[in-house]
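# Commentary on secondary and tertiary structure
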Amino acid sequence: EAKREITMIWIQDKTGRFPERPHYELKELDLDCEEFSHRILRERHNGELIFPIPTDDLTVMIERSDADLDMYADFSADGPTVEGVTEFAYGKKPFVRVSKLLTEDTILENRLRTTLTHECGHVRFHRFLWDMKGANYSLFPENRTKRQICKREKIVQAGVYDWMEWQAGYCCGALLMPMSNVKKTMHSFMLRQGTGPFPLGELTRAAEALINCVASEFGVSRLAARIRLLQIGGLEAFSGERPGLWS
C-alpha cells in the first residue's frame, strides 16, 4: 500500500549510518499513522473503528505496507532482549521477523503488539533509505541484506540519539493509539474525573488513573500509555522534559 506523502527534511546523520537522515514533524507522523490505522480498521470491520486494535489487524498493517512477516522467529543467537528484526535488501520487500516467544505466550501480547507496530514504522518510514543506499553499490557492498535489530528496551522508548529506533517507537504509539482517539479518551476522562486542564503532573493520582485508562482502552502496557501521553501533552514529566520533541 502506498504511503501518503508527508513533509520531511534532510539533516545530518550524526550516527554515521547515512550521510543524511530524514527528520519528520511529529504532527506528520501522527497524521500518517492515524490515517493508516483508521483505514485498516474501517476496511476490516464494516466501517467501524475498534479499540484496542485487534492484533490480527496489526499483522495486516505490515503486509499492507508491502513487507513479508514471520511471527515465529528464533532470536536466541542475537541475545535475550531482541524481539523484532526488519531485514532490508535492495530490490526486495522488507522482511519483518518477530520473536516466537511473543507470539506463543499470551501474557506477552502487549509486547507483541508494540513490536509489530514498531517494525511497521521501520517499513513505512525507513525502507526508502535502504533503497536509496542500495542503489549506490559502493555504499551497499555485495547487495547484502541489512538487519535493523530492535531490542525490548528500545521498542517504545529509544534514546533520541538513535533516531531510527526513536522514529519507529513513535510510530508504534501513533498506530496503536491514534491522536484523535487518545484525545477523545482524555476528554472523557476529564469529564468523568473532574480533572484538568492537561497536562497532568506525571506523579499525581489523576495521572496514574489516566495512564491505566489509556492502557486498557488501547491494549498497551502502562509504559507505552505513559510515553504516548507524555509525547502528546496529556502528562507533564516530573523532570519538566517532554519526550517526543525530536525525530
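Rules and cut-offs
- Residues numbered from 1 in each chain as written.
- Predicted model: local features only at pLDDT ≥ 70, side-chain atom pairs only at ≥ 80, totals over all residues.
- Heavy atoms only, no water.
- Disulfide = S-S within 2.5 Å.
- Buried < 20%, exposed > 50% of the residue type's maximum accessible area, 1.4 Å probe, protein only.
- Phe/Tyr/Trp six-rings, centres within 6.5 Å; stacked < 30°, edge-to-face > 60°.
- Helix = DSSP H or I, 4+ residues; strand = E, 2+ residues; numbered from the N terminus.
- Lys NZ or Arg CZ within 6 Å of the ring centre and 35° of its normal.
- Contact = heavy atoms within 4.5 Å.
- Core = buried A, V, L, I, M, F, W, Y, C linked by side-chain atoms within 4.5 Å.
- Pairing = 2+ DSSP bridges.
- Axes fitted to C-alpha atoms, helices over the stretch in contact; angles between N-to-C directions.
- Salt bridge = Lys/Arg side-chain N within 4 Å of Asp/Glu carboxyl O.

This brings us to the state of the cysteines. Applying the stated criterion to the full structure yields zero disulfides. Unpaired in this structure, Cys33 has its nearest cysteine sulfur neighbour in Cys171, at a distance of 4.0 Å. In this structure Cys33 comes out as buried when scored by relative accessible area, which is 1%.

This brings us to the packing of aromatic side chains. Enumeration according to the criterion identifies five aromatic pairs in this entry. Summarising the aromatic geometry, the rings of Trp10 and Phe128 are spaced 5.9 Å apart at their centres and angled 65° between planes, so their arrangement reads as edge-to-face. Linking Trp10 in strand β1 (residues 8-12) with Phe128 in helix α4 (residues 109-135), this pair joins segments that are 118 residues apart in sequence. Judged by its relative accessible area of 28%, Phe128 falls in the partly exposed class. Residues Phe51 and Phe218 carry aromatic rings whose centres are separated by 5.3 Å and whose planes lie at 65° to one another, so their mutual orientation is edge-to-face. Here Phe51, found in the loop between α1 (26-44) and α2 (55-64), pairs with Phe218, found in helix α7 (residues 205-218); they are 167 residues apart in sequence, far enough to count as distant. When its relative accessible area of 22% is taken as the criterion, Phe51 is described as partly exposed. Over the face of the ring belonging to Phe36 we find Arg124, whose NZ or CZ atom lies 3.7 Å from the ring centre.

The topology assignment puts Leu229 in helix α8 (residues 222-232). C-alpha separation for the pair Leu229 and Glu202, spaced 27 residues apart in sequence, amounts to 9.6 Å. Those residues in contact with Leu229, other than ones at most four positions away along the chain, are Val182, Met186, Leu210, Ile211, Val214, Gly234 and Leu235.

In this section: the nonpolar core. Judged by nonpolar contacts, the single largest core of 55 residues is most densely connected at Leu29, Met61, Met177, Leu210, Leu229 and Leu235. Not counting the four nearest positions on each side in its chain, Met61 is found in contact with Phe36, Ser37, Ile40, Ile53, Cys120 and Leu175. With six residues, the next largest nonpolar core counts Phe88, Leu129, Trp130 and Met164 among its residues.

Okay, the pairing of strand β5 (residues 95-99) next. Counted residue by residue, β5 has four buried out of five residues, so it is predominantly covered. Alignment of strand β3 (residues 68-73) against β5, held across four bridges, turns out to be parallel. By the bridge assignment for β5, Leu69 is matched with Val96. The pairing of strand β4 (residues 82-88) with β5 spans four bridges and is classified as antiparallel. Each residue of the ladder has a partner; that of Gly84, found in β5, is Val98.

All right, on to the sheet that holds β5 then. Sheet architecture is open: four strands sit in the order β3-β5-β4-β6, paired in mixed fashion. Single-partner strands in this sheet number two, and they are β3 and β6 (146-151). For this sheet, the mean angle separating the axes of adjacent strands, direction not counted, is 15°.

Moving on, we get to α2. Counting buried positions along α2 yields seven of 10 residues, so the element is predominantly enclosed. When we look at burial in α2, the residues that qualify are Thr55, Asp57, Leu58, Thr59, Val60, Met61 and Ile62. Residue Asp66 follows α2 closely and has a positive phi angle near 65°.

Locating Val82 in the fold gives a position in strand β4. Sequence separation between Val82 and Glu153 is 71 residues, and the spatial gap between their C-alpha atoms is 9.0 Å. Non-local contacts of Val82, meaning those with residues more than four positions away in its chain, are made with Phe75, Ser99, Ile149, Cys150 and Lys151.

Right, let's get into the pattern of salt bridges. Within the structure shown, the criterion is met by 16 salt bridges. Here Lys154 and Asp162 are joined by a salt bridge, their closest N and O atoms 3.1 Å apart. For Lys154, a relative accessible area of 32% puts it in the partly exposed group. We classify Asp162 as buried; its relative accessible area is 18%. Through salt bridges with shared partners, a single ionic network connects Asp66, Asp68, Lys93, Arg127 and Asp131.

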